[in-house]
Structures are given as structure tokens and as C-alpha cells.
Amino acid sequence: MAKTKARDNLLAAISFNDAANNGSTPEELVAAYRAEVLHRAADLQDSQASCDAIRRRRNIATGRRLVAADLRALANDTTEGAR
């Protein structure tokens, strides 16, 4: 229902003369606008997925650094205890 109303509102906002000047019908302009919105949404999702992947890698790297620090501390304790 809302999708149809939004489409009708968009069609009402586009005059037939504006569409004709672009060599399109109002329906074609609505379809092109919809496709552009979907492409932008897909690009945003790709961008967010990339950021999520970087964030996960950073968290993994941070975890590995913490483990490495713990291992170094254990190694230092072991060498000090061996003296």
C-alpha cells in the first residue's frame, strides 16, 4: 500500500512534459529513480560490510597482540624463575 502511494506521489510530481523532455515516460523515470536508489543502497551495504570486515580483523589482531603479550610475560616469568 505505502509502496503504491509513494509511487503515485512520485508520478504526480513528475509532469509529462518533464518526462518527454528527457525522452522518457514518467513510468520510466520512476523505474530509473528506483534503480538508482537500490544501487545506492547496495553500495552502502558493501561499504558497511567492508568496514565490518576491517573492524573484525582489527579485533582479531588486537586479540592476537594480547595473547602475544601474555606469552611474552609467561616467557619472562619462566626465564626469571629458571635463574
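Remember, predicted model here, so these are calculated numbers, not experimental data.

A. Highlighting the overall build of the protein chain. Looking only at helices and strands, the protein chain features 3 helices and 0 strands. Mapped from its N terminus to its C terminus, the protein chain presents α and β elements in the order α-α-α. Relative to its full complement of 83 residues, the protein chain shows a buried share of 8%. Of the roughly 7,100 Å² of accessible surface on the protein chain, a fraction of 57% belongs to carbon and sulfur atoms.

B. How the structure looks around a nonpolar patch on the surface. A cluster of nonpolar residues, V67, L71 and L74, forms a patch on the protein surface that exposes about 300 Å² of accessible area. Its location among the elements puts L74 in helix α3 (residues 26-82).

The rules behind the values
Residues numbered from 1 in each chain as written. Predicted model: local features only at pLDDT ≥ 70, side-chain atom pairs only at ≥ 80, totals over all residues. Heavy atoms only, no water. Helix = DSSP H or I, 4+ residues; strand = E, 2+ residues; numbered from the N terminus. Buried < 20%, exposed > 50% of the residue type's maximum accessible area, 1.4 Å probe, protein only. Areas by Shrake-Rupley, 256 points an atom, 1.4 Å probe, with all protein chains shown as cover. Patch = residues over 30% accessible without salt bridge, like charges linked within 9 Å, V, L, I, M, F, W, Y side chains within 5 Å. Salt bridge = Lys/Arg side-chain N within 4 Å of Asp/Glu carboxyl O.

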